[in-house]
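Read off the chains here:
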Amino acid sequence: MTENTTHFGFKRVAAEEKASMVRGVFDSVAEHYDIMNDLMSMGVHRIWKRIAVQLSNVRKGEQVLDLAGGTGDLSTLFEQRVGDEGNVVLADINAQMLRTGRNRLIDRGLVGNVQYTQVNAECLPFADNSFDCVCIAFGLRNVTDKDAALRSMYRVLKPGGRAIVLEFSHPVDPITEKVYDFYSFNLLPKIGKWVAKDEESYRYLAESIRMHPKQDELKAMMETAGFERCEYFNMTQGIVAVHRGYKI
């Protein structure tokens, strides 16, 4: 990978083009995003998200930034924890995903302590030391400059704040890896074709997972960005991992 190119799945593209290409993927899948998540993970994604929120240790009155918040699953869980005294910012780079998430939360009556903003994770438009927790779930792998995003997350955290990165990762045993590869490259695109009428976007999503840093590499990236006491928690044999780091 040269200085001016990056990965878009298994393809190599100009770095400045990736954000718009990712936007196109999520514009395409936004309408079917929730049902596809349930089908792809057999509903287990809901457990992964609850565990990530538990590991965040978010409490009443805190300020939370939910990056790549999509259709609002994490924001819903965070809203229950911060209460009326706290605040949750649901943020996404994709306007269609953000609109879907906003409509879902309003339909649930979650208003008053939830705000919405369209942002790029690499250059967050918030003041230093603004949030008690910054979470990015299933979104970091789509960011062009992951190091810049981690630095930006660190900057907007308050001292004592924590970052939570929930992301598809790399299986810890060869049997799970083989089964997962077969599912990802043979079945997942077909499910995308049947349900979302979009085989290529789900092929990209499978490829983007394989290009994402492995658990120890992402931990090192967080440490380089300034986070301390970094650790990760594998779930479902490493298919998914939660990384946690603190701003001290």
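Now for a quick tour of the structure. The structure presented is a predicted model; accordingly, all values stated were derived computationally and were not measured.

Definitions and cut-offs
- Residues numbered from 1 in each chain as written.
- Predicted model: local features only at pLDDT ≥ 70, side-chain atom pairs only at ≥ 80, totals over all residues.
- Heavy atoms only, no water.
- Phe/Tyr/Trp six-rings, centres within 6.5 Å; stacked < 30°, edge-to-face > 60°.
- Helix = DSSP H or I, 4+ residues; strand = E, 2+ residues; numbered from the N terminus.
- Buried < 20%, exposed > 50% of the residue type's maximum accessible area, 1.4 Å probe, protein only.
- Lys NZ or Arg CZ within 6 Å of the ring centre and 35° of its normal.
- Pairing = 2+ DSSP bridges.
- Right-handed = clockwise from strand over helix to strand, strands pointing away.

### Some words on the packing of aromatic side chains
Step number 1: By the definition in use, this model includes five aromatic pairs.
Step number 2: Measuring from centroid to centroid gives 6.3 Å for tryptophan 48 and phenylalanine 138, while their planes differ by 55°, and the two rings are tilted. Remark: phenylalanine 138 occurs in the loop between strand E6 (131-137) and helix H6 (146-156) and tryptophan 48 occurs in helix H3 (residues 45-56); sequence separation between them is 90 residues.
Step number 3: Here the aromatic rings of tyrosine 154 and phenylalanine 227 are separated by 5.2 Å at their centres, their planes lie at 85°, and the arrangement is edge-to-face. Placement of tyrosine 154 in helix H6 and of phenylalanine 227 in the loop between helix H9 (215-224) and strand E8 (228-235) is noted, with a sequence separation of 73 residues between them. Each member of the pair, tyrosine 154 together with phenylalanine 227, is buried.
Step number 4: Members of the aromatic cluster, joined through ring pairs, are Trp48, Phe138 and Phe168.
Step number 5: For arginine 229, the ring lying beneath its charged end belongs to tyrosine 246, and the centroid distance is 4.3 Å.
Step number 6: When the ring centre of tyrosine 154 is taken as reference, the NZ or CZ atom of lysine 247 above it lies at 5.0 Å.

### Focus on the pairing of strand E5 (residues 114-118)
Step number 1: Summarising the sheet, strand E4 (residues 87-92) and E5 pair through five bridges and their orientation is parallel. Bridge assignment links valine 89 to a residue of E5, and that residue is glutamine 115.
Step number 2: With helix H5 (residues 95-107) bridging E4 and the parallel E5, this β-α-β connection has right-handed handedness.

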